[in-house]
Amino acid sequence: MQVAVVTFDGFNELDSFIASALINRCRKDGLEAFITTPTPVVTSMNGVKVTGQRPMEFVTEADVVLIGSGVKTQDVVANDQLISRLRLDPSRQLIGSQCSGALVLARLGLLKDMPACTDIKSRPFVEACDVTVLDAPFHAEGNIATAGGCLASQYLATWVITRVLGEDAARDVIGYVAPVGENQETVERAIRAIRAVHSGEAALS
């Protein structure tokens, strides 16, 4: 199972790296994430240059696609050529967004009547797309999820791992990376964030 963590120029490091790092702790179980970029090299909002692991076209074959955020997301959604490279299919893929990545999902017409989560700065722009923004860190309906706030990327990763490998696998990953002495509460908080929307959903296979 392959995960495309879509990372644009001006990206937020926390959004792309936390999700990919957590998911990649499941490599031994066949779940692997790749930083996926529209150009060979992208530069973060803080000037960190990163070489993409996969080109943008990888999104069409990935089982999971996570759209990261950044300071140039409005430029992304205004770029028809770039948006046309994001050929996503929620009938066979898990699709998630982090913070301003919700703008990309809205631009692609994937949110429809679904409410979304995003960060404080992106909220007015997402609402301008006629999307209801929730005061919550995570929300999912079916195969589409949105997360709001940089550290909510752990919930997005928890959702992916749970949907693909099950809750026990997600508990193992979050428990390992949690602050020492706060393992149990960190795990339970992550599971609580996704459990309501995960109940009744079959694992992706």
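Here, the structure is the one placed above.
To start, this report covers the structure provided alongside it. Only a predicted model underlies this, so the values are computations on that prediction, with no experimental measurement involved.

**Observations concerning the pairing of strand E7 (residues 94-98)**
- Of all the five residues making up E7, five are buried; the element is thus mostly covered by neighbouring parts of the structure.
- Residue alternation in E7 divides its side chains into two sets, Leu94, Gly96 and Gln98 and Ile95 and Ser97, and both sets are buried.
- Of the pairings in the sheet, the one linking E7 to strand E9 (residues 144-147) comprises four bridges and is parallel in character. Looking at E9, one finds that Gly96 is bridged to Ala145.

**Structural notes on the sheet that holds strand E8 (residues 138-141)**
- The strand order E5-E2-E1-E6-E7-E9-E8 describes an open sheet built from seven strands, whose pairing is mixed. Each edge of the open sheet is held by one strand with a lone partner, namely strand E5 (54-55) and E8.
- Here helix H1 (residues 13-23) sits on the sheet and contacts strand E1 (2-6), strand E2 (32-37), strand E6 (64-67) and E7; the angle it forms with E2, its principal contact strand, is near 155°.

**Looking at the side chain of Ser44**
- Among the structural elements, Ser44 can be located in the loop between strand E3 (41-43) and strand E4 (49-51).
- Assessed through its relative accessible area of 6%, Ser44 is described here as buried.
- Other than its neighbours up to four places away in sequence, Ser44 contacts Gly10, Phe11 and Glu13.

**A closer look at the state of the cysteines**
- Taken as a whole and judged by the stated rule, the model has zero disulfides.
- You can see Cys117 has no disulfide; the closest cysteine sulfur is in Cys99, sitting 9.9 Å from it.
- On the basis of relative accessibility, which here comes to 0%, the residue Cys117 falls in the buried class.
- Distance from the sulfur of Cys129, which forms no disulfide, to the nearest cysteine sulfur (Cys117) is 15 Å.

**A short note on the packing of aromatic side chains**
- As enumerated under the stated definition, the model contains three aromatic pairs in all.
- Summarising the aromatic geometry, the rings of Phe11 and Phe17 are spaced 5.7 Å apart at their centres and angled 75° between planes, so their arrangement reads as edge-to-face.
- On the basis of relative accessibility, which here comes to 1%, the residue Phe11 falls in the buried class.
- Judged by centre distance (6.2 Å) and plane angle (55°), the rings of Phe138 and Trp159 are tilted. A residue pair is termed long-range when its members are at least 10 positions apart, and Phe138 in strand E8 and Trp159 in helix H6 (residues 153-165) qualify at 21 residues.
- Take Phe138: its relative accessible area is 7%, and that puts it in the buried class.
- Its relative accessible area of 0% is what places Trp159 among the buried residues.
- The ring centre of Phe34 lies 3.9 Å from the NZ or CZ of Arg54, which sits over that ring.
- Above the face of the Phe58 ring, Arg54 is positioned so that its terminal group lies 5.7 Å from the ring centre.

**Notes on the nonpolar core**
- With 35 residues, the main nonpolar core has Val3, Ile23, Phe138, Trp159 and Val160 as its most contacted residues.
- The element that contributes the greatest number of residues to this core is H6, accounting for seven residues.
- Residue contacts for Ile23: discarding those within four places in its chain leaves Val3, Leu31, Glu32, Ala33, Leu66, Ala157, Val160 and Ile161.
- Core analysis: the second largest hydrophobic core is formed by 30 residues, Phe8, Ile83, Leu86 and Leu103 among them.

**Topic: the pattern of salt bridges**
- According to the stated counting rule, one finds eleven salt bridges in the structure shown.
- Residue Arg123 is joined to Asp135 by a salt bridge in which the shortest nitrogen-to-oxygen separation is 2.6 Å. Remark: Asp135 occurs in the loop between helix H5 (123-127) and E8 and Arg123 occurs in helix H5; sequence separation between them is twelve residues.
- A relative accessible area of 25% means that Arg123 is categorised as partly exposed.
- For Asp135, a relative accessible area of 73% corresponds to the exposed category.

**What about H6?**
- Helix length check: H6, at 13 residues, gives a terminal C-alpha distance of 18 Å against a target of 18 Å (1.5 Å per residue), a fit within 8%.
- Most of H6 sits out of view: twelve of its 13 residues are buried.
- Gly166 sits one or two residues past H6 and shows a positive phi near 105°.

Rules behind the numbers
Residues numbered from 1 in each chain as written. Predicted model: local features only at pLDDT ≥ 70, side-chain atom pairs only at ≥ 80, totals over all residues. Heavy atoms only, no water. Buried < 20%, exposed > 50% of the residue type's maximum accessible area, 1.4 Å probe, protein only. Helix = DSSP H or I, 4+ residues; strand = E, 2+ residues; numbered from the N terminus. Pairing = 2+ DSSP bridges. Contact = heavy atoms within 4.5 Å. Axes fitted to C-alpha atoms, helices over the stretch in contact; angles between N-to-C directions. Disulfide = S-S within 2.5 Å. Phe/Tyr/Trp six-rings, centres within 6.5 Å; stacked < 30°, edge-to-face > 60°. Lys NZ or Arg CZ within 6 Å of the ring centre and 35° of its normal. Core = buried A, V, L, I, M, F, W, Y, C linked by side-chain atoms within 4.5 Å. Salt bridge = Lys/Arg side-chain N within 4 Å of Asp/Glu carboxyl O. Expected span 1.5 Å × (residues − 1).

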